[in-house]
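The lines below spell out each chain.
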Amino acid sequence: MISQLSPPRARVLIRQVMLPKKAGVGLQVAGLKKIVDLRIPDPLELYTYVWRKGECQRDVVGSILSKVATSSEFKPEDVRIYFEYFDRTDNPDDQAHVAQILLDQLLEQPEWVLPYLPKVVSKLALVPGATQKSVSALKTCTSNVSDVVEALTTIIICCRLATRTDPKLNKEGTDGRVLADLINLHSFSNFSDIVNCVGRMAVDECEPQTLKAFLAEVMRRWREDASSGNSSARACLTCALTVWVKLLRPGQQDTWVKEISAMEERLMTEGNFSNLDQFAQALAGYVPGIGLSPDEWDQMLAVLRGLFVRLLDGPFLVNTEAAEDKKPSDETFKKENQSRETCRLDLMVDYWTKLLSHGCSEQESNELFSRCPEKWKVRLAQSLINSWWNRHQEDSARESKQAAFQQERPDGGWQHKGGKKVSDIQVGSIVSGVVTNSSNTFGVYVNFGCEKDGKLSVPTSDWKKYRVGDKVERMVVNKVNVDRKFVDLLVVGSKGQSIGLEASKQVAKRALKWISSNSELRSTFMVTLQKMLAKVIVAGSSEEFEANLTLLGPALDAKESVGLVQLVLDEKPTAALVRTVLLWLSRSSPDDAVRLWPKLIACAGKEVQSSDFQTVLSLCEKHNLELPKFTQAVSKAMPREALSSLCASTLAEARLAAIHVLREQYKSGTPPEDLRKLCMDTVPVVKAAARDHWVALGGKDEGWQKKKEAQDDEDDDDDA
């Protein structure tokens with residue numbers, strides 16, 4: 001009946017019939033539900049009416065608090081008074097009941113509008129039976145990050161203090177139960193779960209001082225575990241560092257050195273160099289993903305280089321004489337020395353290279369190269385190249401996905417009338433533009449004055465930073481594909497530097513050139529270096545092939561050339577690149593080039609060119625090599641021009657190949673003229689094969705027997 005009334009009339013009925021104290025709890029709760037369902041105007045006045053300064057029944061209290069806590073229509077200051085209910089001390093059982101109702105509602109709706117709710121929930125953690133649920137509610141909250149972190153800090157402090165008590169659980173709902181729940185929450189599994197949860201929050205939006213207060217408690221727990229020899233100490237430090245790195249933020253360069261130095265000093269005081277190893281690992285894993293500009297990236301690398309050098313020259317310094325048994329030492333010293341060696345290796349070959357692999361200046365990479373011991377040089381180069389290669393493959397997979405699924409067109413479409421033609425865009429030119437589309441799936445596109453939008457190559461983690469309409473300055477044209485009308489753009493810094501895939505590739509090339517410059521390593525690790533070079537070649541264009549070869553130093557001999565080409569082919573390159581590579585191989589080893597030529601034809605597929613067949617035929621004729629066999633599929637699709645070249649070849653094998661192609665292309669019907677000519681071939685086997693197919697197609701005897709007798713007579717006359 002009420003639902004059929006207008007909201008104002010329904011409001012009167014609800015107030016007079018359902019909300020009075022004499023109406024009873026059930027009717028009051030139902031009335032509160034109707035207020036929401038029917039969108040009754042001025043609901044706050046009705047809530048205040050039934051609230052009666054908190055003297056209403058506890059189910060009514062729980063219903064009102066749940067509604068104001070999860071609604072965005074009230075001003076925070078207008079409903080704060082309702083939450084003062086939990087400051088009362090007259091009825092703890094009712095408070096515990098209401099706390100459960102409110103927490104259940106907050107768990108269902110993690111977006112909290114009221115900024116003081118986290119503090120309220122932290123108080124509920126001290127209500128008997130509500131401790132664990134309060135923490136769960138805070139962990140699921142997706143708003144008010146600073147307030148949530150502050151609330152969790154308060155609870156963690158309570159947990160720590162509770163461990164100094166000896167609670168007695170005399171009956172359900174006592175303070176002893178609260179203490180027991182807090183102590184349970186202090187167990188490492190529950191504690192680390194809270195810390196890791198904070199690490200997953202958007203704590204880059206958290207007030208630094210609030211986050212530092214939280215970290216102070218986490219580090220305090222770590223020191224206690226470490227001093228007592230607890231096995232959880234290492235894991236605790238990992239959790240702490242996962243949160244601590246969030247203090248390093250873009251645009252706050254002045255704080256980087258201060259924060260890093262403070263943590264370094266704190267860990268140094270513990271005297272355990274493995275802690276510093278975790279420190280370096282955390283930095284290397286986090287910094288590349290925080291969205292630094294190219295200039296900020298350079299500054300960060302300089303700061304971290306300073307840290308890494310201090311670690312290498314200090315706590316990670318190895319006593320080489322003891323390590324090589326040239327100097328006597330006890331087992332404890334040897335074990336620590338070996339641990340330092342491991343930390344040193346991880347820092348140089350893993351953490352430092354992980355950072356530089358995202359792009360760096362030549363000065364930065366040379367600093368790392370100059371400090372690398374001889375025995376680790378190849379591993380270091382491999383690490384840099386593999387890091388780049390993995391990102392390259394991920395990027396290629398995304399491009400394949402883009403080709404398979406069209407992105408939603410922006411207003412006005414991707415093309416721009418009057419824009420500069422793609423064919424006129426010069427690689428290396430500096431441009432600026434406006435973002436036309438930003439997608440979590442396909443990336444960022446920019447209108448920079450070209451007929452087609454360019455794709456801005458930035459790390460995936462940075463895509464969300466660009467919004468439609470944003471202006472982007474200082475972009476360099478990185479790639480241009482006229483056929484696809486595709487332009488790849490990079491954001492560059494004040495020195496022209498960039499970060500991302502292309503910058504990563506330059507570091508990989510630098511590493512390969514560096515390691516190849518060592519003649520001894522080049523000789524003993526040639527196959528390993530060839531594998532590295534093969535990846536660089538496959539990721540580049542056919543025009544870059546000759547230049548990429550120089551990365552390996554002196555020219556390769558025939559055997560090395562064949563090995564390199566085979567490694568390139570194993571990486572499934574484009575047909576254009578395979579064509580270039582095989583032509584290069586044919587200069588030093590034509591027989592191997594011919595042997596591998598079917599790879600090109602198979603790779604090209606339907607896009608195979610007549611010149612591909614003519615080139616391999618020319619090689620065979622010039623060097624008297626056997627022509628490779630063509631598959632059935634290749635024979636069926638062979639272009640007419642290529643077939644004519646086979647028919648006219650001086651090689652008998654080529655003319656036999658032509659007959660095979662004709663067999664596949666002509667299964668019935670009138671025999672082709674090419675087959676007629678081959679029926680008179682001077683090589684008996686070729687002639688027989690051609691005539692066999694001629695007859696199979698229904699061709700008639702063209703007087704071959706008479707011609708054969710006439711030819712025999714001429715031969716006899718010549719002999720006489």
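The numbers attached to residues start from 1 for each chain and follow its sequence in the written order. Two thresholds apply to this predicted model, a pLDDT of at least 70 for residue-level local features and 80 or more for giving and counting side-chain atom pairs, whereas whole-chain, interface and lining totals are computed over all residues. As a rule here, side-chain values come from all non-hydrogen atoms in the structure, and water together with hydrogens is ignored.

Examining the overall build of the protein chain
Applicable threshold: Counting from the N terminus, the helices are the DSSP runs of H or I reaching at least four residues and the strands are the DSSP runs of E reaching at least two. With C-alpha atoms as the basis for the radius of gyration, the globule rule is written as 2.2 Å multiplied by the number of residues raised to the power 0.38. With a 1.4 Å probe rolled over the protein chains alone, any residue whose accessible area is under 20% of its type maximum counts as buried; one over 50% counts as exposed, and the rest are partly exposed. Residues are treated as being in contact if the distance between any of their heavy atoms lies within 4.5 Å. Values of accessible area rely on a 1.4 Å probe in the Shrake-Rupley scheme; residue burial ignores everything except the protein chains shown. Lys and Arg are tallied as positive, Asp and Glu as negative. Neither His nor the chain termini are counted. A charged residue contributes its charge at one atom only: NZ of Lys, CZ of Arg, CG of Asp or CD of Glu.
Helix and strand counts for the protein chain come out as 34 helices and five strands. In terms of C-alpha radius of gyration, the protein chain reaches 38 Å, well past the compact-globule figure of 27 Å for 720 residues. Considering only C-alpha atoms, the protein chain reaches an extent of 140 × 90 × 55 Å along its principal axes. For the protein chain, buried positions account for 48% of its 720 residues. The long-range fraction of contacts in the protein chain, counting pairs at least 24 apart against all pairs at least 6 apart in sequence, stands at 66%. If you sum the accessible surface of the protein chain, you get close to 36200 Å²; carbon and sulfur atoms cover 49% of it. Placing the 94 positive and 98 negative side-chain charges of the protein chain at their respective mean positions leaves the two points 6 Å apart.

Some details on the nonpolar core
Counted only if it meets this: Nine residue types can take part in a nonpolar core, namely buried Ala, Val, Leu, Ile, Met, Phe, Trp, Tyr and Cys, and a core is a set of them joined through side-chain atoms within 4.5 Å.
In this structure, Phe83, Trp244, Phe279 and Leu512 are the most contacted members of the largest nonpolar core, which totals 201 residues. Among the nonpolar cores identified, the runner-up in size contains 18 residues, and Val446, Cys450, Leu456 and Val487 belong to it.

Some details on the pattern of salt bridges
Filter applied, for reference: Each salt bridge in this description consists of a side-chain nitrogen of Lys or Arg and a carboxyl oxygen of Asp or Glu lying within 4 Å of one another.
Scanning the entire structure with this criterion turns up 30 salt bridges. For Arg177, the salt bridge is made with Asp181, and the minimal N-O distance between the two is 3.8 Å. Of the two residues, Arg177 and Asp181 are both situated in helix α10 (residues 175-185); the distance of four residues between them amounts to about one turn of the helix. We classify Arg177 as partly exposed; its relative accessible area is 26%. Among the salt bridges present, the one from Asp592 reaches Arg595, with a minimum N-O distance of 2.9 Å. Pair noted here: Asp592 and Arg595 are both in helix α27 (residues 590-604), with a separation of three residues, about one helical turn. Exposure remark for Arg595: the relative accessible area of 47% places this residue in the partly exposed category. Three or more residues are tied together by salt bridges with common partners; here these are Arg11, Arg15, Asp42 and Glu45.

A look at the packing of aromatic side chains
To describe a pair of aromatic rings, one takes the distance between the centres and the angle between the planes. Here is the rule: Centre distance within 6.5 Å is the pairing criterion for rings of Phe, Tyr and Trp, where only the six-membered ring of Trp is used; planes under 30 degrees apart are then read as stacked, over 60 as edge-to-face, and the remainder as tilted. Note on criteria: charge over ring means Lys NZ or Arg CZ within 6 Å of the ring centre, with the direction from the centre no more than 35 degrees off the ring normal.
Within this structure, the stated rule accounts for eleven aromatic pairs. Judged by centre distance (5.0 Å) and plane angle (80°), the ring pair of Trp51 and Tyr82 falls under edge-to-face. Placement of Trp51 in helix α3 (residues 43-51) and of Tyr82 in helix α5 (residues 76-83) is noted, with a sequence separation of 31 residues between them. Exposure class is identical for Trp51 and Tyr82. Each is buried. By the ring-pair criterion, three or more aromatic residues cluster together here, those being Trp51, Tyr82, Tyr85 and Phe86. In this structure, Arg221 packs its charged tip against the face of Phe191, placed 4.7 Å from the ring centre.

Examining the packing of α3 against helix α4 (residues 58-69)
The cut-off we apply is this: Helix axes are fitted to C-alpha atoms over the stretch in contact, other axes to C-alpha atoms as well, and angles between N-to-C directions run from 0 to 180 degrees. Here roughly perpendicular refers to angles of 65 to 115 degrees, roughly parallel to angles under 35, roughly antiparallel to angles over 145, and oblique to all remaining angles. Handedness of a helix crossing follows the sense of rotation of the near helix relative to the far helix, less than a right angle counterclockwise being left-handed and clockwise being right-handed. Polarity classes work like this: nonpolar for Ala, Val, Leu, Ile, Met, Phe, Trp, Tyr, Cys and Pro, charged for Asp, Glu, Lys and Arg, and polar for all others, with Gly in that last group.
One way to put it is that α3 packs onto α4 with a least axis distance of 10 Å and a crossing angle of 155°. Looking at the two axes, α3 sits roughly antiparallel to α4. For α3 against α4, the interelement crossing comes out left-handed. Within the contact between the two elements, α3 uses Tyr47, Val50 and Trp51 and α4 uses Val60, Val61, Ile64, Leu65, Lys67 and Val68. Residue composition of the contact of α3 with α4, by class: eight nonpolar, no polar and one charged.

Some remarks on the sheet that holds strand β3 (residues 454-456)
Counted only if it meets this: Paired strands, in this sense, are two strands between which DSSP finds at least two bridges.
Here we have five strands rolled up into a closed barrel, ordered β1-β2-β3-β5-β4, and mixed in their pairing. Sheet twist, expressed as the mean angle between neighbouring strand axes with direction ignored, is 50°. Note: strand β1 (residues 430-439) against strand β4 (residues 471-481), four bridges, orientation antiparallel. Residue pairing across strands places Ile430 opposite Val476, the latter belonging to β4.

Brief notes about a positive patch on the surface
Our working definition: Residues forming no salt bridge and having over 30% relative accessible area are the ones grouped into patches, like charges within 9 Å of each other and nonpolar side chains (Val, Leu, Ile, Met, Phe, Trp, Tyr) within 5 Å.
A grouping of Arg164, Arg220, Arg223 and Arg266 is seen on the molecular surface, where their side chains present a positively charged patch. The class of Arg223 is partly exposed, set by a relative accessible area of 34%.

Observations regarding the environment of Cys239
When you line up the elements, Cys239 lands in helix α13 (residues 233-244). The spatial distance from the C-alpha of Cys239 to the C-alpha of Leu552 is 43 Å, given a sequence separation of 313 residues. Once residues within four sequence positions are removed from consideration, Cys239 is found in contact with Ser192, Val195 and Asn196.

A closer look at the side chain of Ser383
Stated formally: Under the rule applied, a polar contact is a pair of N or O atoms within 3.5 Å (in protein, one hydrogen donor and one hydrogen acceptor; residues adjacent in sequence only if both atoms are side-chain atoms).
With respect to the secondary-structure elements, Ser383 resides in helix α20 (residues 377-404). Reaching out from Ser383, the side chain makes a polar contact with the backbone oxygen of Val349 at a distance of 2.8 Å. A distance of 3.1 Å separates the side chain of Ser383 from the side chain of Thr353, its partner in a polar contact.

Examining α4
What counts is decided by this rule: To estimate how far a helix should reach, multiply one less than its number of residues by 1.5 Å.
Taking 1.5 Å of rise per residue, twelve residues should cover 16 Å, and α4 covers 16 Å from first to last C-alpha, within 8% of that figure. Along α4, the residues classified as buried are Val60, Val61, Gly62, Ser63, Ile64, Leu65, Ser66, Lys67, Val68 and Ala69. On its buried face, α4 sits against α2 (25-37), α3, α5, α6 (92-108) and α7 (117-124). In this structure Gln57 caps α4, since a side-chain oxygen of it lies 2.6 Å from the backbone nitrogen of Asp59.

Some remarks on unusual backbone geometry
Its identity is not glycine, yet Arg52 carries a phi of approximately 55°, on the positive side. The residue Arg52 is located in the loop between α3 and α4 in this model. Unlike most non-glycine residues, Asn624 shows phi in positive territory, near 55°. Here Asn624 lies in the loop between α28 (610-623) and α29 (632-637). With a relative accessible area of 64%, Asn624 lands in the exposed category.

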